[in-house]
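Read off the chains here:
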Amino acid sequence: MSDVNGNGKFLVGIYDDDDVVLKAVKDVKTAGVRIHEVYSPFPIHGLDVALGHPRTRLGIAAFLFGLSGTTTALLLTAYTESFDWPMIVGGKDSYSPIVYVPIIFELTVLFCALGMVGTFLVSNGLGPTVKPLMYDLRTTDNKFAMTIDLSKNTIGEGDIEQILRKSGAAEVNIKQF
């Protein structure tokens, strides 16, 4: 039995080419095998669609972080100029947001950037004490790995191994965490 973090018994198919692994994902899913994840040394166009991942909502998060930065900048400059340290120069209004466009822009970018870094770390389960699960070290260099969680598949281990080999896997290994 495996948990959300990937602890358990896995069958790891190692592939040599990105086109082969992309086609293999479709073949393996067609055979009725549930794929845990595919690891690659570089992004493969169309892999997320082939795996069935939903469309990302990171754009919404970025917009909300930017909106909070803009709101904070407007409130900060309005409070500072109108209440905390009002400076009436030449009889002009005590608050003119046009003057503070650079501050508003910079806080918008700052909040968005820091918020997206935090979102990335939280959504990927990363942190200073997290030890990454490495199914095969060669996936950081030149190989592609398709991992199959054996506890989440009704098909037997031997049958899944044959499906992986038939789909173009150069080797198939068992990895226990």
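Residues numbered from 1 in each chain as written. Predicted model: local features only at pLDDT ≥ 70, side-chain atom pairs only at ≥ 80, totals over all residues. Heavy atoms only, no water.

As annotated in an unreviewed UniProt entry, the chain carries the name DUF3341 domain-containing protein and is attributed to Spirosoma terrae.

Asks: Would you explain the pattern of salt bridges in this entry?
Replies: Opposite charge on two side chains lets them pair, provided their charged atoms get close. Counting across every chain of the model gives six salt bridges. Put simply, Glu-161 and Arg-165 hold a salt bridge, and the shortest N to O gap is 3.4 Å. In this pair, Glu-161 and Arg-165 are both assigned in helix α5 (residues 157–166), four residues apart and thus about one turn of the helix distant. In this structure Glu-161 comes out as partly exposed when scored by relative accessible area, which is 24%. (Salt bridge = Lys/Arg side-chain N within 4 Å of Asp/Glu carboxyl O. Helix = DSSP H or I, 4+ residues; strand = E, 2+ residues; numbered from the N terminus. Buried < 20%, exposed > 50% of the residue type's maximum accessible area, 1.4 Å probe, protein only.)

Asks: For this particular structure, what's the right way to read the nonpolar core?
Replies: Side chains of a nonpolar character, in soluble globular proteins, are inclined to be buried together. Core analysis: the largest hydrophobic core is formed by 22 residues, its most contacted members being Tyr-15, Val-25, Ile-35, Val-38, Met-146, Ile-148 and Leu-164. It is helix α1 (residues 18–30) that provides the largest number of residues to this core, a total of five residues. In contact with Met-146, not counting residues within four places along its chain, are Leu-11, Val-12, Gly-13, Tyr-15, Val-21, Ala-24, Val-25, Val-28, Ile-35, Glu-37, Val-38 and Leu-164. Counting five residues, the second largest nonpolar core, distinct from the first, contains Phe-10, Val-12, Ile-14 and Tyr-135. (Core = buried A, V, L, I, M, F, W, Y, C linked by side-chain atoms within 4.5 Å. Contact = heavy atoms within 4.5 Å.)

Asks: What is the right way to look at the UniProt feature "transmembrane region" (unreviewed entry) in the chain in this model?
Replies: The sites that UniProt annotates as "transmembrane region" (unreviewed entry) are residues 58–79 and 99–122. Regarding residues 58–79, the helix share stands at 100% and the strand share at 0%, and the terminal C-alpha atoms are separated by 31 Å. Taken end to end, residues 99–122 comprises 92% helix and 0% strand; its first and last C-alpha atoms sit 36 Å apart. (UniProt positions renumbered as here; feature names shortened; annotations may be inferred.)

Asks: Where do I start with the side chain of Lys-143 in this structure?
Replies: You can see Lys-143 is positioned in the loop between α4 (101–123) and β3 (144–149). Engagement of the side chain of Lys-143 in a polar contact is seen with the side chain of Asp-16, the distance being 2.5 Å. When neighbours within four sequence positions are excluded, Lys-143 is seen to be in contact with Ile-14, Tyr-15, Asp-16, Tyr-39, Ser-40, Pro-41 and Arg-138. (Polar contact = N/O pair within 3.5 Å; in protein donor to acceptor, adjacent residues only side chain to side chain.)

Asks: Would you explain α4 in this entry?
Replies: What sets the pattern is the α-helix's 3.6 residues per turn: residues three or four places apart point alike. For α4, spanning 23 residues, the distance from its first C-alpha to its last is 32 Å, which sits close to the expected 33 Å at 1.5 Å a residue. Burial in α4 covers these residues: Ile-104, Leu-107, Thr-108, Gly-115 and Thr-119. At its buried positions, α4 is contacted by α3 (58–84). Just beyond α4, the residue with positive phi is Gly-125, at close to 65 degrees. (Expected span 1.5 Å × (residues − 1).)

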